[in-house]
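# Coordinate analysis (summary)
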Amino acid sequence: MNRIFSFLITVSILFSQEQPYVKEKVVELGNFSIKVLNDGRCIAPTGDFEIPAVAWPTNSITGDRAITFGHGLWLSGNQSDSLVGTGGYWAPYYTPGPIINGQAAVIEAPQDTALYRSYYIDSQSGVGDTDYDEWPCGWGAPCDEGGNPLLVGDQMLWTVYNDAHPSLHGWLEQNGEYLSNTDIEVRETYWSFEEGDLLSNTLFIKYQLYNRGPETLDSLMMTHWNDMDLQDASFNIPNYSLDHKAAYLYAPNESIGHNDLARVVSYFLIQGPVVEELGSNGFSFGEEVMDHRNLEETGFWGIRDDCCHGTLGGYAETIQDVFNYSTGRRHDGSTIIDPITNLPSNFTFTGDPITGSGWQMESPGGGMAGYMVATGPITLLPGDSTELVFGLVPVGGDSIDVVIPNLLDRIDQVRSYYWADVADVEDHPIIPESVKLMHPYPNPFNPSTAIEYELPERSDISIVIYDVSGREVQTLVSAQQIPGNYQVSWNGLDDKGVLVAGGMYFARLQAGDYSSVVKMVYLK
């Protein structure tokens, strides 16, 4: 308790010492209400712990409702063989503006602090709107060839900030005396859409990182931290789905509130940084990158509350903790072991809350429940840059049996939309629009044929082979499967392992209410 009390006192003191150049902006993006500071924090308004950083839905009959108390991007890696990083929960750890002549903007050009703000435009913005007229193309804000603001989505918020101020360090840095700056400049873009159930209820967050310092950053981990408050903030549980490669936090059934409010929320990686991989196609900064691939989420650490440091579910106290948690280790550097499988894992709490199987958090979290989701490592040479995109998706409802599968399906759909409509990179799987059973190939066949099918959503499916009399010959698939493209082979054996007679056979796909049959001929 003393540690928690000391932590909260520290945060309160830091809140009271906000610099005059730190400015807050409140905007609506899609069905979200969001409060950001121009130093990279998305937190409840300064000193007011009753108002959320992110509320959803904005059109709720009960008013704007909290889903996030705070979130932000933390960095950790090596510089000249020494660990460096930046992070600090709700207290400042970046400063507003770009890096100018190797210095934080508020030091190098303090006369322009009014310009180091967050800029908002939407589909109605134009000449005469202050943010539109002063849109900072020169600092990297999205602009068209004519130097005009380039709108992403229907509503967009853009900010640039940096970790180059020699005397400003976040709580995680101060606590471990990691007081060297990363010299990273961050260009941050939030955007959403006014229409469409999926896109208006998704908040996109892009981070573009530039190494403006003289030294190489290696083993760099990029970690997105959040503190979420769903309904009863003292009864939230973080979890990770290995199947969907996505983390989420949910309010269990016992804390049911209004059905239009969020019961489960996910901050998840959509586009990771690119690393070299021969023969692959990656996507970064609006372009396809040959012989590179985008990293996926590489680590997840669920946080129970602002307590329990050193235990599974405890919060991070130092940048070393953040680096360890992001790379599949505990605070002391030891390997994370899944207590159910007894195998090493970079991801904590990977069980299924609906069935109660697998690795579950032992008890619900408190007011600081949330998680850290990480990607990396990468190397950034001086002058190098990298880009990553996260999504935020909430789902309301009355039962976790319904809302968790719904959330995971939406995550798949958002990623599918992004890679199909934004990135258009062939290597990334596209979620099908409908169930479809393809014709077997080869057909006729001997010794085997391949049957391909597509699923647009999680489904209980079966594929069964029948002969011409309607007798069941063999069940090839009987399982619940996530959205995607699948292929299964049949080698002419029945369910007893006996080779069937030559002739015509049928493959029947059943997926929910959908049913389809294809014919094939086995040559003997």
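Here, the structure is the one placed above.
Residues numbered from 1 in each chain as written. Predicted model: local features only at pLDDT ≥ 70, side-chain atom pairs only at ≥ 80, totals over all residues. Heavy atoms only, no water.

## Here's the deal with the packing of aromatic side chains
Cut-off, in case you're wondering: In summary, the pairing rule links any two rings of Phe, Tyr or Trp, Trp by its six-membered ring, whose centres are within 6.5 Å, and it sorts them by plane angle into stacked for under 30 degrees, edge-to-face for over 60 and tilted for everything else. Strands here are runs of E lasting at least two residues and helices are runs of H or I lasting at least four, both read from the DSSP assignment and numbered beginning at the N terminus. Buried residues are those whose accessible area, probed at 1.4 Å on protein chains only, stays under 20% of the maximum for their type, while exposed residues exceed 50% and partly exposed ones sit between those limits. The criterion is that NZ of a Lys, or CZ of an Arg, lies within 6 Å of the ring centre and within 35 degrees of the ring normal, and then a charge sits over that ring.
Under the definition given, this model contains 26 aromatic pairs. Centroid distance tyrosine 89 to tryptophan 225: 5.4 Å. Interplanar angle 90°. Geometry classified as edge-to-face. Note that tyrosine 89 is positioned in the loop between β6 (82–86) and β7 (95–96) and tryptophan 225 in strand β14 (residues 217–228), a separation of 136 residues in sequence. Among the residues examined, tyrosine 89 registers a relative accessible area of 1% and is labelled buried. Each residue in the set Trp74, Tyr89, Trp225 and Tyr315 is aromatic and connected to the rest through ring pairs, giving one cluster. Positioned above the aromatic ring of tyrosine 210, the side-chain terminus of arginine 187 is 4.1 Å from the ring centre.

## Here we look at the side chain of aspartate 163
Test applied: For the purpose of charge, His is not counted, nor are the chain termini; Lys and Arg are scored as positive and Asp and Glu as negative. By definition here, a salt bridge exists when the distance from a side-chain nitrogen of Lys or Arg to a carboxyl oxygen of Asp or Glu is within 4 Å. Any two residues whose heavy atoms approach within 4.5 Å are treated as being in contact.
For aspartate 163, the location among the structural elements is in the loop between β11 (155–162) and α4 (171–176). Nearest to the buried, unbridged aspartate 163 among oppositely charged side chains is arginine 41, at 12 Å. Those residues in contact with aspartate 163 that sit more than four places away from it in its chain are Gly85, Thr86, Tyr93, Tyr94, Glu173, Asn181, Thr182, Asp183 and Ile184.

## Brief notes about the pattern of salt bridges
Counted according to the given criterion, the structure contains 12 salt bridges. Glutamate 185 serves as the salt-bridge partner of arginine 212, at 3.4 Å between the closest nitrogen and oxygen. Placement of arginine 212 in the loop between β13 (203–211) and β14 and of glutamate 185 in strand β12 (residues 184–192) is noted, with a sequence separation of 27 residues between them. Connected through shared salt-bridge partners, Lys25, Arg117, Asp131 and Glu134 make up one network.

## A short note on the state of the cysteines
Put simply, the rule reads: Pairs of cysteine sulfur atoms within 2.5 Å are what we label disulfides.
One pass over the structure, following the stated rule, counts one disulfide. A sulfur-sulfur separation of 1.9 Å characterises the disulfide bridge that pairs cysteine 137 with cysteine 143. Handedness of the cysteine 137-cysteine 143 disulfide follows from its S-S torsion of about -95°: it is left-handed. Taking relative accessible area as the criterion, cysteine 137 reaches 28% and is therefore assigned partly exposed.

## Here we look at the sheet that holds strand β28 (residues 503–511)
Stated precisely, the cut-off is as follows: Whether two strands pair comes down to DSSP finding at least two bridges between them. Simply put, an axis is a line fit to the C-alpha atoms, just over the touching stretch for a helix, and the angle between two N-to-C directions goes from 0 to 180 degrees.
Taken in spatial order, the four strands line up as β26-β25-β28-β29 in an open sheet, and their pairing is antiparallel. The two strands at the open ends of the sheet, each matched to only one other strand, are β26 (472–481) and β29 (514–522). If you compare each strand with its neighbour and ignore which way they point, the axes differ by 15° on average. As paired elements, strand β25 (residues 459–467) and β28 share seven bridges and run antiparallel to each other. The partner of isoleucine 463 across the bridge, within β28, is leucine 509.

## Examining the environment of leucine 198
As for its placement among the helices and strands, leucine 198 is situated in helix α5 (residues 197–200). On the basis of relative accessibility, which here comes to 19%, the residue leucine 198 falls in the buried class. Non-local contacts of leucine 198, meaning those with residues more than four positions away in its chain, are made with Arg410, Gln413 and Val414.

## A few points about helix α6 (residues 319–326)
Short version of the rule: In protein, a polar contact requires one atom able to donate a hydrogen and another able to accept it; more generally it is a pair of N or O atoms within 3.5 Å, and residues adjacent in sequence count only if both atoms are side-chain atoms.
For α6, the buried fraction is high: seven of the eight residues fall into the buried class. Taken together, the buried positions of α6 are Ile319, Asp321, Val322, Phe323, Asn324, Tyr325 and Ser326. Contacts made by the buried residues of α6 are with β5 (66–79), β6, α4, β14, β20 (299–303) and β21 (370–380). You can read the cap of α6 off the contacts: a side-chain oxygen lies 3.3 Å from the backbone nitrogen of glutamine 320, and it is on threonine 318. Of the residues flanking the end of α6, it is glycine 328, one or two places downstream, whose phi is positive at about 80°.

## Looking at the sheet that holds strand β27 (residues 484–490)
Strand order in the open sheet made by the three strands is β23-β24-β27, with antiparallel pairing throughout. Two strands in the sheet have a free side with no partner beyond their single neighbour: β23 (436–437) and β27. Examined bridge by bridge, β23 and strand β24 (residues 449–455) share two bridges and lie antiparallel to one another. Directly across from lysine 436, in β24, lies its bridge partner glutamate 454.

## Concerning unusual backbone geometry
The omega angle of the peptide bond from asparagine 443 to proline 444 is 5°, so this bond is cis rather than trans. For proline 444, the position within the fold is in the loop between β23 and β24. For the peptide bond that leads from asparagine 446 to proline 447, omega is 15°, which places it in the cis range. The topology assignment puts proline 447 in the loop between β23 and β24. Although it is not a glycine, serine 219 adopts a positive phi angle of roughly 55°. One can find serine 219 in strand β14. We classify serine 219 as partly exposed; its relative accessible area is 29%. The phi dihedral of asparagine 342 is positive, around 60°, even though this residue is not glycine. With respect to the element layout, asparagine 342 can be found in the loop between α6 and β21.

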